[in-house]
2 protein chains.
Amino acid sequence: MTKPIIAIIPGDCTGIGPEQTARILSDRRGRDVARLVYVGDKRVLDMGMKQAKVDVACNWIKTPAEADWSDEAHVPAIDLGNIDPALFPPGLSSADSGRLTGDTLAAAIEFAKAGQIDGLTFAPLNKQALHKGGWHFPDEHKMFAHLLNFKGLFSEMNVLDNQWMTRATSHVSLREAVEQISVDRICDSLRLSHDTMVMAGIEKPRIAVAALNPHAGEGGLFGREEIEILAPAIKKMADEGINCKGPFPCDTIYIKAFAGDYDSVLSMYHDQGQIATKLKGFNKGVTITAGLDIVFTTPAHGTAFDIVGKGIADIGAYEAAIRLAARVAARKKASGTATASPKHLAAADIA
Amino acid sequence: MTKPIIAIIPGDCTGIGPEQTARILSDRRGRDVARLVYVGDKRVLDMGMKQAKVDVACNWIKTPAEADWSDEAHVPAIDLGNIDPALFPPGLSSADSGRLTGDTLAAAIEFAKAGQIDGLTFAPLNKQALHKGGWHFPDEHKMFAHLLNFKGLFSEMNVLDNQWMTRATSHVSLREAVEQISVDRICDSLRLSHDTMVMAGIEKPRIAVAALNPHAGEGGLFGREEIEILAPAIKKMADEGINCKGPFPCDTIYIKAFAGDYDSVLSMYHDQGQIATKLKGFNKGVTITAGLDIVFTTPAHGTAFDIVGKGIADIGAYEAAIRLAARVAARKKASGTATASPKHLAAADIA
């Protein structure tokens, strides 16, 4: 089977992305599972090589379709010619750099839409710069969905080792999150989690559902959502063959999942999952955009402005992001599914 | 200065409380900072001594007022004669044992109301048994307030090492918690946290306030409570001299506090704080009921049914609970404040 083609994007050039990208390519990380093609500005990669004190031999081409994959000695690379890193001091947030970083991602997405790449792994973005630069989305996942003109359900998932965290609601007020909790939303979220994990090679993912209310509602005393919404939704999905359980009091379920009792926790709201995952060090893990037609992964850590240019940035999470993208993309190719839409996958994978 | 008198209560006799209590008294833990008086059934302490393989020489008396504190060789002890532990198999929850455990606490509270003790430290309760036994309160703190006929503001605080965690809302649905957030409530909670920590000897406690909404509301995009309620309340309390800051995004503020940047985090709702503290191992810490006329402390861990009777239960948290009760009670005595009501203390301690 041919390896999937993953575009490697250097992220915001003011951060550690360029030097990490140079090291990833120089060390041949992930090349055993994927065919990597650099998409970005040549000068950004050159700067990254200098910072990381490594050399990457590239074949500079115009599109991924031109890549000569038989040439193992060179990395196929596309020079977008859009970013002169000399204009942006390292370690300083810049709206212009954010705008151009978004442009680079958009260019790579065009290659994906044309069927020339199977997935994207991008080095850290500066979310604030992206926003200030004119990419007005609450997060990059919504930006990707917009650029792909994707209308279905998608969600960020956070992955560390074998733990997959996701949530039923996200960047809305807590009041609105409570309003958004419904049987349909829980079911869709469970299908999306399940299908994405299956796509990543977990055969029968064990999913725990966190309760919305304290003590999982204490039998209805502290809220009735567990009785009227969560329990029926979980039962419905269990009946469809998804290995999901709950709702569980959320102040202990993450501890149990992290101990290995579950592969995944579905959180009801942003901070419920984020408090647990950030305390657990998920910034050392990978973020995947689940549900879109194209797989997107990125190391969960940030641009690390304090160590930019020192050549000491760790590339473990970046490599893990490439490997995850490759795994999902390979399964997508193998199963012949053009998209990861839950409904579509459900028939193939839940059996 | 005479040491405060702290009543030692063995907790639910089906758990590890009796053996912990026996070891605490036998090892003379906390006797350097407090005068301890056992309040419970004699047979429960006898059982605890057997389980822990220790001996405690007691002076059996009727009330704490009868204690002879010059007799260092004996522990003054009150036999309530209400619980025959032979009737309750260790490691099994029992409604009757729960009811009687509540009775024991109520009896100790009567001594407190009569001015014969300055505080209570109790070994682990079985909350479910207490409830099934007829003590129908959402938690023991509300039970204590009821028995003290206390109408003011009080709250559970969780303490580990030098970290103090508390919350503005507690055992209500998440929807109701959002409704309950108000300037007055935040101000009262900050005063209560501040005053309790000052009572425990922290001169100028640094308090961080967790935001209600994700990303602290992202400038109003994800909810306006931070702008309209939290920020004004924090400013008001800072103007009154409390060292409080925020609101901070809650998925990182606990990490910062645990790293030592703050002494305390005020959470907006139950699970926000509980997810963080349980992951951090606050079950090795102490729970204090803040705000009541009398100080109550308890080890934060549970009855540990799996190790009951083996004599291996750790007493570190129990000893820490005694020390904290003694510290607060001593300051209350010294400052001549009969109560820890925030308004009252504010005048004395914020200056």
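Cut-offs applied
- Residues numbered from 1 in each chain as written.
- Chains lettered and ligands numbered in written order.
- Predicted model: local features only at pLDDT ≥ 70, side-chain atom pairs only at ≥ 80, totals over all residues.
- Heavy atoms only, no water.
- Phe/Tyr/Trp six-rings, centres within 6.5 Å; stacked < 30°, edge-to-face > 60°.
- Helix = DSSP H or I, 4+ residues; strand = E, 2+ residues; numbered from the N terminus.
- Buried < 20%, exposed > 50% of the residue type's maximum accessible area, 1.4 Å probe, protein only.
- Salt bridge = Lys/Arg side-chain N within 4 Å of Asp/Glu carboxyl O.
- Contact = heavy atoms within 4.5 Å.
- Buried area = accessible area lost by both parts, 1.4 Å probe.
- Polar contact = N/O pair within 3.5 Å; in protein donor to acceptor, adjacent residues only side chain to side chain.
- Nonpolar A, V, L, I, M, F, W, Y, C, P; charged D, E, K, R; others polar.
- Domains from an automatic or database assignment.
- Pairing = 2+ DSSP bridges.
- Axes fitted to C-alpha atoms, helices over the stretch in contact; angles between N-to-C directions.
- Least-squares fit on C-alpha atoms with pLDDT ≥ 70 in both.
- Expected span 1.5 Å × (residues − 1).
- Core = buried A, V, L, I, M, F, W, Y, C linked by side-chain atoms within 4.5 Å.
- Parallel < 35°, antiparallel > 145°, perpendicular 65-115°, else oblique.
- Left-handed = near helix turned anticlockwise from the far one by under 90°.

1. Focus: the packing of aromatic side chains
Working step 1: Throughout the structure, instances matching the rule amount to 15 aromatic pairs over all chains.
Working step 2: For the ring pair tyrosine 254 of chain A and phenylalanine 258 of chain A, a centre distance of 6.4 Å and an interplane angle of 45 degrees mean the geometry is tilted. Residue tyrosine 254 of chain A and its partner phenylalanine 258 of chain A are both found in helix 9 (residues 250-258); the two are separated by four residues, about one turn of the helix.
Working step 3: The exposure class assigned to tyrosine 254 of chain A is buried, which follows from its relative accessible area of 1%.
Working step 4: The interplanar angle of 80 degrees and the centroid separation of 6.3 Å between the aromatic rings of phenylalanine 150 of chain B and phenylalanine 154 of chain B together place this pair among those described as edge-to-face.

2. What to know about the pattern of salt bridges
Residue and element names in this part refer to chain A.
Working step 1: Per the stated rule, a full pass over the model turns up 42 salt bridges over all chains.
Working step 2: Residue aspartate 46 is joined to lysine 42 by a salt bridge in which the shortest nitrogen-to-oxygen separation is 3.1 Å. Of this pair, aspartate 46 and lysine 42 both sit in helix 2 (residues 42-52), separated by four residues, roughly a single helical turn.
Working step 3: Aspartate 139 is the partner of lysine 142 in a salt bridge, and the nearest nitrogen-oxygen pair spans 3.5 Å.
Working step 4: Residue classification places lysine 142 among the partly exposed positions, given a relative accessible area of 31%.
Working step 5: Linked by salt bridges that have partners in common, Asp27, Arg29, Asp32, Glu319 and Arg323 make up one network.

3. Here's the deal with the interface of chain A and chain B
Working step 1: Listed by partner, the interface residues are 31 residues for chain A and 31 residues for chain B.
Working step 2: The contact between chain A and chain B buries some 2900 Å² in all, and 66% of this surface belongs to carbon and sulfur atoms.
Working step 3: There are six salt bridges connecting chain A and chain B.
Working step 4: Ionic pairing is found between arginine 175 of chain A and glutamate 179 of chain B, a salt bridge with its closest N-O pair at 2.8 Å.
Working step 5: Seen at the junction of chain A and chain B, the total is 12 residue pairs in polar contact (both at pLDDT 80 or more).
Working step 6: Secondary structure elements with two or more residues in the side of chain A that touches chain B: helix 6 (174-180), helix 9 and helix 10 (270-279) of chain A.
Working step 7: Grouping the amino acids of the side of chain A that touches chain B by side-chain chemistry returns 15 nonpolar, 10 polar and six charged.

4. Notes on the domain arrangement of chain A
Where interface size is given, it is often the accessible area lost as the parts come together that is meant.
Residue and element names in this part refer to chain A.
Working step 1: For chain A, the domain assignment lists domain 1 (1-151 + 284-336) and domain 2 (162-283).
Working step 2: Measuring from the centre of the C-alpha atoms in domain 1 to the corresponding centre in domain 2 gives 30 Å.
Working step 3: Tallying the contact residues gives 15 residues for domain 1 and 12 residues for domain 2.
Working step 4: Both faces combined, the contact of domain 1 with domain 2 buries some 1100 Å², and carbon together with sulfur accounts for 59% of it.
Working step 5: When residues of domain 1 are sorted by the area they lose upon contact with domain 2, Lys284, Ala290 and Arg331 head the list and together hold 40% of the total.
Working step 6: There are zero salt bridges connecting domain 1 and domain 2.
Working step 7: On the surface where domain 1 and domain 2 come into contact, there are seven residue pairs in polar contact (both at pLDDT 80 or more).
Working step 8: Secondary-structure elements contributing two or more residues to the side of domain 1 that touches domain 2 are strand 11 (286-290) and helix 11 (316-335).
Working step 9: With six residues, the single largest contributor to the side of domain 1 that touches domain 2 is helix 11.
Working step 10: The residue inventory of the side of domain 1 that touches domain 2, partitioned by class, reads six nonpolar, four polar and five charged.

5. Focus on the sheet that holds strand 3 (residues 58-61) of chain A
Residues and elements named next belong to chain A.
Working step 1: The sheet built from 12 strands is open, its strands ordered 3-4-2-1-5-12-11-6-7-10-8-9 with mixed pairing. Edge positions in the open sheet fall to strand 3 and strand 9 (244-248), since each of these has one partner strand only. Strand-to-strand twist in this sheet, taken as the mean axis angle between neighbours without regard to direction, amounts to 25 degrees.
Working step 2: Contacts between helix 3 (residues 95-113) and the sheet are confined to strand 1 (5-9), strand 2 (35-40), strand 4 (75-79), strand 5 (119-122) and strand 12 (295-299), with strand 5 contributing the most and set at about 160 degrees to the helix.

6. What to know about the relation of the copies chain A and chain B
Working step 1: Between the two copies, chain A and chain B, the superposition gives an RMSD of 0.1 Å; the rotation angle is 180 degrees and the shift along the axis is 0.0 Å. The superposition operator between the copies reduces to a two-fold rotation axis.
Working step 2: Looking at the interface residues of chain A, 100% of them are also at the interface in chain B, so both copies use one shared face.

7. Considerations on helix 7 (residues 183-199) of chain B
Residue and element names in this part refer to chain B.
Working step 1: With 17 residues, helix 7 should reach 24 Å at 1.5 Å per residue; the first-to-last C-alpha distance of 24 Å fits that figure.
Working step 2: In terms of burial, helix 7 is a largely internal element, 13 of the 17 residues being buried.
Working step 3: Glycine 201 occupies a position one or two residues after helix 7 and carries a positive phi of about 100 degrees.

8. Observations regarding the environment of proline 249 of chain A
Working step 1: Within the secondary structure, proline 249 of chain A is located in the loop between strand 9 and helix 9.
Working step 2: In contact with proline 249 of chain A, not counting residues within four places along its chain, are Ala211, His215 and Ala216 of chain A.

9. A few points about unusual backbone geometry
All names here are of chain A.
Working step 1: Residues glycine 246 and proline 247 are joined by a peptide bond in cis, for which omega reads -5 degrees.
Working step 2: Not every positive phi belongs to a glycine, and asparagine 149 is a case in point at roughly 55 degrees.
Working step 3: Structurally, the position occupied by asparagine 149 is in the loop between helix 5 (140-147) and strand 6 (155-160).
Working step 4: The phi angle at histidine 215 is positive, at roughly 55 degrees, despite the residue not being glycine.
Working step 5: Relative to the assigned elements, histidine 215 resides in the loop between strand 8 (207-210) and helix 8 (225-239).
Working step 6: With relative accessibility at 29%, the residue histidine 215 sits in the partly exposed group.

10. Side note on the sheet that holds strand 8 (residues 207-210) of chain B
What holds strands together in a sheet is hydrogen bonding between their backbones, with the strands either parallel or antiparallel.
Residue and element names in this part refer to chain B.
Working step 1: Read from one edge of the open sheet, 12 strands run 3-4-2-1-5-12-11-6-7-10-8-9, paired in mixed fashion. Each of the sheet's edge strands pairs with one partner strand only, and the pair in question is strand 3 (58-61) and strand 9 (244-248). Within the sheet, the average angular offset between the axes of one strand and its neighbour, ignoring direction, is 25 degrees.
Working step 2: Pairing analysis gives three bridges linking strand 8 to strand 9, with the strands arranged parallel. From the neighbouring strand, isoleucine 207 faces strand 9, where its bridge partner is cysteine 244.
Working step 3: Of the strands in this sheet, strand 6 (155-160), strand 7 (163-167), strand 8 and strand 10 (264-267) touch helix 10 (residues 270-280), which is tilted by about 155 degrees from strand 7.

11. Some remarks on the nonpolar core
Working step 1: Counting residues in hydrophobic clusters, the biggest one holds 87 residues, and the most contacted among them are Ile186 and Met268 of chain A together with Ile186 and Met268 of chain B.
Working step 2: Ignoring anything within four residues of it in the chain, the contact list for methionine 268 of chain A reads Ala168, Thr169, Ile181, Ile186, Val209, Ala210, Ala211, Leu212 and Leu230 of chain A.
Working step 3: Listed in part, the 43 residues of the second largest apolar core include Ile6, Cys13, Tyr38 and Leu192 of chain A.

12. With respect to helix 2 (residues 42-52) of chain B
Residues and elements named next belong to chain B.
Working step 1: Listing the buried residues of helix 2 in full gives Val44, Leu45, Met47, Gly48, Met49, Gln51 and Ala52.
Working step 2: Where helix 2 is buried, its residues touch helix 1 (17-26), strand 2 (35-40) and strand 3.
Working step 3: With a side-chain oxygen positioned 2.6 Å from the backbone nitrogen of arginine 43, the residue opening helix 2 is aspartate 41.

13. Observations regarding the packing of helix 9 (residues 250-258) of chain B against helix 10 of chain B
Residues and elements named next belong to chain B.
Working step 1: Two elements in contact, helix 9 and helix 10, have axes separated by 10 Å at closest approach and are oriented at 40 degrees. Viewed along their axes, helix 9 and helix 10 adopt a mutual orientation that is oblique. The element helix 9 and its partner helix 10 pack so that their crossing is right-handed. On helix 10, the residues that touch Cys250, Tyr254 and Phe258 of helix 9 are Gln272, Gly273, Ala276 and Lys280.
Working step 2: Residue composition of the contact of helix 9 with helix 10, by class: four nonpolar, two polar and one charged.

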